[in-house]
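Structural description and commentary
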Amino acid sequence: MKLTLKATSTLLGLLALALVGCTGGGEEPEAEGTLATYTCPGGETIEAIFMMEEGREVAVSLPDQDTLTLPSVEAASGAKYSDGTTTFWEQGGEAMVEVDGEIVLEGCVAE
């Protein structure tokens, strides 16, 4: 009987490990969309993933900051995304970033 109990415990432990492995290990899913990289005059790089499926938004990686996801907002021209604090604006392959009403990056050109 002890052998059966030990074998059952071992089997349950292996099953639990297999199920944990199926969950993806807690990794965050990658954003799907169109990636664009912009190089600014000062050498800074902006990476933007334009996501169009669940409403228009962009995931923007700015120098020395965490990635921000910004919703689309109305623009007279180009594509503009803002959360009210940070704004990313792209038009004709050129991008700018504004934080708290101050332009922090501009003249950034798509690669």
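Residues numbered from 1 in each chain as written. Predicted model: local features only at pLDDT ≥ 70, side-chain atom pairs only at ≥ 80, totals over all residues. Heavy atoms only, no water.

**Structural notes on the sheet that holds strand S6 (residues 86–91)**
Threshold: Two strands are counted as paired when DSSP detects at least two bridges linking them. Put simply, DSSP H or I for four residues or longer makes a helix, DSSP E for two residues or longer makes a strand, and each gets a number counted from the N terminus. Only the stretch in contact is used when a helix axis is fitted, and all axes are lines through C-alpha atoms; the angle between N-to-C directions ranges over 0 to 180 degrees.
With antiparallel pairing, 8 strands are arranged side by side around a closed barrel as S1-S2-S3-S4-S5-S6-S7-S8. The average undirected angle you get between the axes of adjacent strands in this sheet is 30°.

**Quick notes on the state of the cysteines**
Selection rule: Two cysteine sulfur atoms form a disulfide, by the criterion used here, when they sit within 2.5 Å.
The final tally for this structure, using the stated rule, is 1 disulfide. Shown here is the disulfide that connects Cys40 with Cys108, its sulfur atoms set 2.0 Å apart. Its S-S torsion of approximately 100° makes the covalent link between Cys40 and Cys108 right-handed. With Cys40 in the loop between strand S1 (34–39) and strand S2 (45–51) and Cys108 in strand S8 (residues 102–110), this residue pair connects regions lying 68 residues apart in the sequence.

**What to know about the confidence of the model for the chain**
Cut-off, in case you're wondering: Per residue, pLDDT captures the predictor's confidence, and it can take any value from 0 to 100. Contact criterion: two residues are considered in contact whenever any of their non-hydrogen atoms come within 4.5 Å of each other.
Predicted confidence across the chain gives a mean pLDDT of 77, with 70% of residues reaching 70 or more. Confidence drops under a pLDDT of 50 for residues 1–29, and excluding neighbours within four residues, the segment shows 1 contact in the predicted structure.

**Looking at the side chain of Thr87**
What counts, and what does not: Think of it in three bands: residues with accessible area under 20% of the maximum for their type are buried, residues over 50% are exposed, and the middle band is partly exposed, with areas taken using a 1.4 Å probe on protein chains only. Pairing of N or O atoms within 3.5 Å defines a polar contact, subject to two protein rules: one partner must be a possible hydrogen donor and the other a possible acceptor, and residues neighboring in sequence count only if both atoms are side-chain atoms.
With respect to the helices, strands and loops of the structure, Thr87 is situated in strand S6. Among the residues examined, Thr87 registers a relative accessible area of 7% and is labelled buried. Engagement of the side chain of Thr87 in a polar contact is seen with the side chain of Ser82, the distance being 2.9 Å. Apart from the residues within four sequence positions on either side, Thr87 is in contact with Lys80, Tyr81, Ser82, Met96, Val97 and Glu98.

**Some details on unusual backbone geometry**
Its identity is not glycine, yet Asp64 carries a phi of approximately 60°, on the positive side. Here Asp64 lies in the loop between strand S3 (57–61) and strand S4 (68–73). We classify Asp64 as exposed; its relative accessible area is 83%. At Asp100, a position not held by glycine, the phi torsion is positive, near 50°. Topologically, Asp100 is positioned in the loop between strand S7 (94–99) and S8. Judged by relative accessible area, Asp100 falls into the exposed class, the value being 64%.

**Observations concerning the pairing of S7**
With 6 bridges joining them, S6 and S7 adopt antiparallel strand pairing. Residue Glu90 lies in a different strand from S7, and its bridge partner there is Ala95. Remark: 2 residues form the turn of the hairpin made by S6 and S7, two consecutive strands paired antiparallel; Gly92 in that turn has positive phi of roughly 60°. Taken together, the 5 bridges between S7 and S8 define a ladder with antiparallel strand orientation. If you follow Glu94 over to S8, its bridge partner there is Val109. Hairpin connection from S7 to S8: 2 residues lie between these consecutive antiparallel strands, with Asp100 at a positive phi of about 50°.

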